Number of protein chains: 4
Amino acid sequence: MHASHPRTGVWLVGARGSVATTAVVGAAALRAGLIAPTGCVTEQQDFPHHHLPPLDSLVFAGHDITDTPLPKRAAELAAAGVFPEQLLAPLEDELTAADREIRPGCPAGSTAPQEEAANSLAADIAAFRDREQLDRVVVVNVASTEPPATPHPAHHDLAALRHALRTRSDVLPPSSLYAYAAFTAGCPYVDFTPSPGARLPALDELARAARLPYAGSDGKTGETLVQSALAPMFAARALRVRAWSGTNLLGGGDGATLADPETARSKTDAKRRGLGHMLGHAVEGTVHIDCVPALGEWKTAWDHIAFEGFLGTRMSAQFTWHGCDSALAAPLVLDLARLMAAGHAAGATGPLGALGFFFKDPAGRTEYGLAAQYAELLRFAAAPGGTP
Amino acid sequence: MHASHPRTGVWLVGARGSVATTAVVGAAALRAGLIAPTGCVTEQQDFPHHHLPPLDSLVFAGHDITDTPLPKRAAELAAAGVFPEQLLAPLEDELTAADREIRPGCPAGSTAPQEEAANSLAADIAAFRDREQLDRVVVVNVASTEPPATPHPAHHDLAALRHALRTRSDVLPPSSLYAYAAFTAGCPYVDFTPSPGARLPALDELARAARLPYAGSDGKTGETLVQSALAPMFAARALRVRAWSGTNLLGGGDGATLADPETARSKTDAKRRGLGHMLGHAVEGTVHIDCVPALGEWKTAWDHIAFEGFLGTRMSAQFTWHGCDSALAAPLVLDLARLMAAGHAAGATGPLGALGFFFKDPAGRTEYGLAAQYAELLRFAAAPGGTP
Amino acid sequence: MHASHPRTGVWLVGARGSVATTAVVGAAALRAGLIAPTGCVTEQQDFPHHHLPPLDSLVFAGHDITDTPLPKRAAELAAAGVFPEQLLAPLEDELTAADREIRPGCPAGSTAPQEEAANSLAADIAAFRDREQLDRVVVVNVASTEPPATPHPAHHDLAALRHALRTRSDVLPPSSLYAYAAFTAGCPYVDFTPSPGARLPALDELARAARLPYAGSDGKTGETLVQSALAPMFAARALRVRAWSGTNLLGGGDGATLADPETARSKTDAKRRGLGHMLGHAVEGTVHIDCVPALGEWKTAWDHIAFEGFLGTRMSAQFTWHGCDSALAAPLVLDLARLMAAGHAAGATGPLGALGFFFKDPAGRTEYGLAAQYAELLRFAAAPGGTP
Amino acid sequence: MHASHPRTGVWLVGARGSVATTAVVGAAALRAGLIAPTGCVTEQQDFPHHHLPPLDSLVFAGHDITDTPLPKRAAELAAAGVFPEQLLAPLEDELTAADREIRPGCPAGSTAPQEEAANSLAADIAAFRDREQLDRVVVVNVASTEPPATPHPAHHDLAALRHALRTRSDVLPPSSLYAYAAFTAGCPYVDFTPSPGARLPALDELARAARLPYAGSDGKTGETLVQSALAPMFAARALRVRAWSGTNLLGGGDGATLADPETARSKTDAKRRGLGHMLGHAVEGTVHIDCVPALGEWKTAWDHIAFEGFLGTRMSAQFTWHGCDSALAAPLVLDLARLMAAGHAAGATGPLGALGFFFKDPAGRTEYGLAAQYAELLRFAAAPGGTP
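Residues numbered from 1 in each chain as written. Chains lettered and ligands numbered in written order. Predicted model: local features only at pLDDT ≥ 70, side-chain atom pairs only at ≥ 80, totals over all residues. Heavy atoms only, no water.

Engineer: Would you mind showing me how to read helix α5 (residues 158-167) of chain B here?
Structural biologist: Side chains that are three or four residues apart share a direction in an α-helix, a result of its 3.6 residues per turn. All names here are of chain B. Of the residues making up α5, those classed as buried are Leu158, Leu161, Ala164 and Leu165. Buried residues of α5, viewed axially, fall in a sector of 120 degrees; they line one side. Turned more than 90 degrees away from the buried face of α5, the exposed residues are Ala159, His163 and Thr167. Summarising the contacts, the buried residues of α5 are in contact with α4 (114-131), α6 (174-184) and α7 (201-209). Sitting at the head of α5, aspartate 157 places a side-chain oxygen 3.2 Å from the backbone nitrogen of alanine 159. (Buried < 20%, exposed > 50% of the residue type's maximum accessible area, 1.4 Å probe, protein only. Helix = DSSP H or I, 4+ residues; strand = E, 2+ residues; numbered from the N terminus. Arc of directions from axis to C-beta. Contact = heavy atoms within 4.5 Å. Polar contact = N/O pair within 3.5 Å; in protein donor to acceptor, adjacent residues only side chain to side chain.)

Engineer: Honestly, the pairing of strand β10 (residues 314-324) of chain C in this entry has me stumped. Any pointers?
Structural biologist: Every regular strand shows the same layout, with side chains that alternate between the two sheet faces. Residue and element names in this part refer to chain C. Counting buried residues along β10, nine of its 11 residues qualify, which places the element largely inside the surrounding structure. With 11 bridges joining them, strand β9 (residues 298-308) and β10 adopt antiparallel strand pairing. Across the sheet, residue threonine 300 finds its bridge partner in β10, namely histidine 322. The hairpin formed by β9 and β10 contains five residues between the paired strands, and leucine 311 there has a positive phi angle of roughly 65 degrees. (Pairing = 2+ DSSP bridges.)

Engineer: Sorry if this is basic, but what is going on with the packing of aromatic side chains here?
Structural biologist: Geometrically, a pair of aromatic rings is defined through the distance of the ring centres and the angle of the planes. Within the structure shown, the criterion is met by 42 aromatic pairs over all chains. Between Phe183(A) and Tyr189(A), the ring centres sit 6.2 Å apart and the planes meet at 70 degrees, which makes this aromatic pair edge-to-face. Its end group placed over the ring of Phe357(A), Arg237(B) keeps NZ or CZ at 4.8 Å from the ring centre. (Phe/Tyr/Trp six-rings, centres within 6.5 Å; stacked < 30°, edge-to-face > 60°. Lys NZ or Arg CZ within 6 Å of the ring centre and 35° of its normal.)

Engineer: Is there a simple way to think about helix α10 (residues 261-279) of chain B in this case?
Structural biologist: Residue and element names in this part refer to chain B. The terminal C-alpha atoms of α10, which comprises 19 residues, lie 26 Å apart, in line with the 27 Å expected from a rise of 1.5 Å per residue. Of all the bends found along α10, the most pronounced is centred on lysine 267 and spans about 30 degrees. When we look at burial in α10, the residues that qualify are Thr263, Ala264, Ser266, Lys267, Thr268, Ala270, Lys271, Gly274, Leu275, Met278 and Leu279. Positive phi appears at glycine 280, one or two residues downstream of α10, with a value of about 85 degrees. (Expected span 1.5 Å × (residues − 1). Bend = angle between axes of the 7 residues up to and from the residue.)

Engineer: What's the story with the interface of chain B and chain A in this structure? I'm lost.
Structural biologist: Interface size, as often reported, equals the accessible area lost upon joining of the parts. The interface of chain B with chain A comprises 60 residues on the first partner and 60 residues on the second. Between chain B and chain A the total buried area reaches about 4,300 Å² when both faces are included, carbon and sulfur atoms providing 69% of it. In terms of surface lost to chain A, no three residues of chain B exceed Arg237(B), Phe310(B) and Leu311(B), which account for 23% of the buried area on that side. Viewed at the interface, chain A and chain B are joined by zero salt bridges. Here chain B and chain A share 16 residue pairs in polar contact (both at pLDDT 80 or more) between them. (Buried area = accessible area lost by both parts, 1.4 Å probe. Salt bridge = Lys/Arg side-chain N within 4 Å of Asp/Glu carboxyl O.)

Engineer: Sorry, what's going on with the sheet that holds strand β8 (residues 287-291) of chain C here?
Structural biologist: Strand order in this open sheet of eight strands is β8(C)-β7(C)-β9(C)-β10(C)-β10(D)-β9(D)-β7(D)-β8(D), and the pairing throughout is mixed. In this open sheet, the two edge strands, each paired with only one partner strand, are β8 of chain C together with β8 (287-291) of chain D. Shown here is a sheet whose adjacent strand axes are inclined to one another by a mean of 10 degrees, direction ignored. Against the sheet, helix α11 (residues 325-345) of chain D makes contact with β10 of chain C together with β9 (298-308) and β10 (314-324) of chain D, and its axis sits at roughly 80 degrees relative to β10(D), the strand it touches most. (Axes fitted to C-alpha atoms, helices over the stretch in contact; angles between N-to-C directions.)

Engineer: Can you help me understand unusual backbone geometry in this one?
Structural biologist: For residues besides glycine, phi is generally negative; the peptide bonds are generally trans as well. Residue Ser217(B) is reached from Gly216(B) by a cis peptide bond, and omega for that bond is -5 degrees. With respect to the element layout, Ser217(B) can be found in the loop between β6 (213-215) and α8 (223-236). The phi torsion at Gln133(C) lies on the positive side, around 50 degrees, for a residue other than glycine. The backbone phi angle of Asp218(C) is positive, close to 75 degrees, even though this residue is not glycine. Along the polypeptide, Asp218(C) turns up in the loop between β6 (213-215) and α8 (223-236). Look at Asp218(C) and you get buried, because its relative accessible area is 3%.

Engineer: Honestly, the relation of the copies chain B and chain A in this entry has me stumped. Any pointers?
Structural biologist: Relating the two copies of this chain is a rotation about some axis coupled with a shift parallel to it. Expressed as a screw operation, the relation of chain B to chain A combines 0.0 Å of axial shift with a rotation of 180 degrees, fitting to an RMSD of 0.0 Å. Here the two chains are linked by the operation of a two-fold rotation axis. Measuring from the rotation axis to each C-alpha of chain B, the shortest distance belongs to Phe319(B), at 2.0 Å. A shared interface surface links the copies, since 100% of the contact residues of chain B are contact residues in chain A too. (Least-squares fit on C-alpha atoms with pLDDT ≥ 70 in both.)

Engineer: Can you walk me through the side chain of Ser195(B) in this structure?
Structural biologist: All names here are of chain B. By the secondary structure assignment, serine 195 is in the loop between β5 (189-191) and α7. Accessibility expressed as a relative area gives 1% for serine 195, which makes it buried. A polar contact is formed between the side chain of serine 195 and the backbone nitrogen of glutamate 146, at a distance of 2.9 Å. For serine 195, the side chain forms a polar contact with the side chain of threonine 193, separated by 3.0 Å. Setting aside residues up to four positions removed in sequence, serine 195 forms contacts with Asn141, Ser144, Thr145, Glu146 and Ser175.

Engineer: When you look at the pairing of strand β10 (residues 314-324) of chain B in this model, what are you seeing that I'm missing?
Structural biologist: Bridge count for strand β10 (residues 314-324) of chain A against β10(B) is seven bridges, and the pairing is antiparallel. Opposite His322(A), over in β10(B), you have Ser316(B) as the bridge partner.

Engineer: What am I meant to see in the state of the cysteines here?
Structural biologist: In a disulfide, the sulfur atoms of two cysteines are held together by a covalent bond. Residue and element names in this part refer to chain D. All told, the structure shown has zero disulfides over all chains when counted by the stated rule. With no disulfide of its own, cysteine 187 has cysteine 106 as its nearest cysteine by sulfur position, at a separation of 17 Å. The exposure class assigned to cysteine 187 is buried, which follows from its relative accessible area of 0%. Cysteine cysteine 324 shares no disulfide, and the gap to the nearest cysteine sulfur, in cysteine 40, comes to 14 Å. (Disulfide = S-S within 2.5 Å.)

Engineer: Teacher, can you tell me more about the domain arrangement of chain A here?
Structural biologist: Residue and element names in this part refer to chain A. Domain boundaries assigned for chain A yield domain 1 (8-218 + 327-382) and domain 2 (223-324). Counting from both sides, the interface comprises 20 residues of domain 1 and, opposite them, 25 residues of domain 2. Where domain 1 abuts domain 2, roughly 1,800 Å² becomes buried across the two surfaces, and 63% of that area is made up of carbon and sulfur atoms. Applying the counting rule to domain 1 against domain 2 returns one salt bridge. The partner of arginine 273 in a salt bridge is aspartate 361, and the shortest N-O contact between them spans 3.3 Å. Linking domain 1 with domain 2 are five residue pairs in polar contact (both at pLDDT 80 or more). (Domains from an automatic or database assignment.)

Next up, the structure:
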């Protein structure tokens, strides 16, 4: 009965998290005509969308290590103000259906060889694709941020990796194990978090061998988004930024994860790297990520920019950004699923740099400026086969 | 003795104002190797500059209605913190020389027919060009902002305008009389203020007839600059801006001028128009311009942006910009002189829309986004004959 | 059946407005033990409350010119995020009961002599007091802000006022007519808005003759609250404030009312007056009140303070305040009802300056600093008979 | 020739630092009538000053471990914008005179027993008092911040301390050694930094035994100053602060010192402690101190306050403070010298809690609210013998 028109699967790693839940709720609400597609980049009137699977052809499933049902998670998010409570009643059936497609994720600390887990995860994805008769499934990692991966020689070579997985239980961090499973199942993979995911040389090798695209890392939804709009302004105007300092106050989930400086480092390093690229030189300044549970699902960032103009005159700019993380991230998950599907259909392989617009740390590109990234995104969407 | 290499004149209307003084001081300091070209767009390493006259080939002159000598004005600005005092001693001779080239401007309230004044102003400019054996002279209006022009039928037709000027003393506001004089003298004209200047149909007709380019209006140096970097971000991300409110606190000169709501209107209207264009729809919000003499030569802007994301979630962003108006504007005057000279040499006529990057209210374009404007600027500079 | 312990009536002018509705919802929720008394000054642990009627002895009623039932207004405010929706179900009965006590207010534009209206309003209040066997009724004006009153000679003399009311339909603005009615009914009156209310000499005369206290004006809940905490800091530290500029973005109700500059003037004048008093000298700066419907029930204020320190060094401070107007104002209405009741019981007459803590423009005092006002409030509450 | 009227010595530990230099320049400029006493608390018109030594009776001297002459340090600060350059020429003689009174401080890492150094430091101070025929000398520590002291049993007992100093070279951190020397020389001591200074039990014992007052710690000149004005506002209004987060960007001297988290801890701990006291409960939130050399002599703080109002409504406030550290601190040094002299003259001993107004971490008090501290300061100044 699904065969009438092509459908695309979206496999969410962390399928019961705030971002995934909001994405599923939002897609269902859009399909039901209850909301406008605000925040959906690919749904804008002028966006070249004819190569993309329609938004209402997306089918959701995923892995998670918790078992709170999706409708309950949705109710929690509504209570926290992420979306209006009255939206949920008409979507009850759809959320329950999506919840049925969620499989137990890969628990931390297992002592079995990781090959086993990888095969099981890949089988889950493949079974979903078959059962639902989907054209393809895009895997998107929206689970909690991991600390930087412990280096291992097998990360640099696919053959060595395969060998190590057969005997060891700790070669790959979870995000990379999911990427391995996705590629094994023949699926494109998106790193929406700063976790290592597909960005190990051995996994890049695997993606290319399997002729699969991947994209990442770390969805750009707050401070870094604004930075990527403002830093090119200073550069274009030849204003010399002397220091760029930032403080991020994060409420729920990721706030706690990123309070650990070690885990946060992958995120803050990427932020500083991008600034240097956009400004053409390194700048003074520190970026802080604080966990502030009182903020709930919200986050507030403050940036201070000390710059110099003509004749050395000292000036400054500041911005604050007050946003709801899930509401900012969720529509991008839908965008990415559609764009990756188009890239996959067009034969793109390896890092899909044309999607750098969405990421703090774009795989396959060193362009961090938002406008340049947007221009490239439009070119890619218009011709997904042309600019992998 | 000047004949050895081509030189370009820069005729500043309001030559003793803060912006003009800072431009002359800065150009001299650059020539003397005392400062880096911070804030000079066309002096950046990668900027396509081979069609532009070198910065040190610029020669300054202008009109002003006050007679405070330039070195004194420079000392006042240094005392106000615009640039370091010690910079001035080595530039004394150069400032004195520039001061000698300043002629009395056109006083308000004269009862003589305006044709007379126009001819006299044009003669001043032409004499400067001849005396200094300049290739060409670019006229740049950096005088105080005027209120919107009182409509007059002669503004719409060159023949009617010429006729009216012969008998009437109040057909054109001062900025437009200067533009008329510039075109009469065969010079390109830049409106760096929001005053009417060249932007009356009759003057556009004159510019085209004389095969001269003009550019404007209103240098983008603060709130609007940041808006032109941020608004496209909201648009590209499909985030719906619901209200954009702004308050501008201005110290010195223009603060007092713009405290008059009537005068400010030309500026605030342009700001709102640009926002609407960049966002694709009108938005709620008011923009205020307050005169705060205590800020001296500095200005501070605060903008508040209320926007909506996925599922209607309400979010907000704010920025403040704390800058020195003269230090922001002066290097752009140098950039514009060089770019206009190149446009003139390449045969550009009418509004030079490719310079929209510099202006709040770009003549000849409806593109207000900074990144798109910068891309067009680079194309123009690389081939000034190609994109008038 | 009510006679068992003393009860105090709270008569709300504008009883279906956001502030009044929130006050009634909050009082009911407190009584039901559903919330903590956050924002209630007089419910703090150390507050000297033994002279005050208990919070749960308050009984609500009032006038309004609209007829949307209170439970519906409460649902609207919950949908706008002022308080959680789930709070309302258990309070349904209480809201319905309060709604039954609301009488039609005095419509604008009536052509009947105002004495008639005044008597009718007073009769409504007296009937409520009798019916409910209340010790006393405190009338609190939380209706929309009015423009400054059109001056009339009868405002200065009670006998002249009485005479004028007998024949004319437009002597008193509505807020003052309600004050007249309150005093006629023997009730203390609180101006929670900047409207003229009780602050006409003839009404002061009436209050004193009737041995009644009144208090006002204009509840201090945002920008001015913060100013009253910060301005004394600059004064105590001998830092010279040179300019204090403010912009207030208001969403719902009062935003629209105050968008009219004429109406806003009574508010902005009071703000500037208070600053001058606290700083010891007038300061530069403008205060703006903008209506931004997109903000819903919320308001955001930005203040910029330019100040000078030792040796003339220029420095600055900024603050933003993002609050929900009704949530800030409503608990103060409860506080004021309790404090006024205590003052009335203790025989206070005329302006109750000791309540200046709550107001932008304190009747009977020229102290605007928050800490000094708080100290006086504590003294008053401890001995309401001592400091009228 | 000095005997005609009483004079007070001010002995500055860190006499060539930015704060000390600015204090000496400012005092000289005030004496010369070149500036107004902006920022001087005790020079305000209504301040009860009749027990205080006149500002122009202060005589400066001090210890420092560097030897850049004071006039040179003053020129550096003027170039950095702390005060106008033209101020210095007329003060040349006075700065040179003050420079002659600076003695070499106690170098870090000496291996001699500390008693020797203490005696030598005390002798320097005593010699200054005798030579200049001063009534008394107040010692003020404005040297760089030290890390928290390494605990040592001798810190708790004066006899044990005296014994340890005779043989060991590392019992006391420098700030405490200076305090020991001050007390030994019979001088009151002020901790203007967060360093341990006089705040070890053994030193308190010494101060009391010598019948000397001391005061501290850590001059309140930025974020904490504003916190001490704002936090009592939230408390008085019963608004529940849920999180208070702060970021401090510091330029010059102390920025580098405090970049070391260990050193910063004494400062940040005090800040959090004060907040908890003022709010009546602990709050979420982190305070960061970043070194940003690009800010020069300036500092910028941003604070974000998440609070809850009536019915649990979530609201927020933010402030930024942009100030020049030396210009903020220097006049307080003059104030403290005068007030300590008055306290000493009136027989105060031990921690002078009445001066808590000036400090982040007030010795002898747990009151952190600015208004309450100011009220106590006024009482003390009016009767220094009454409230030690």
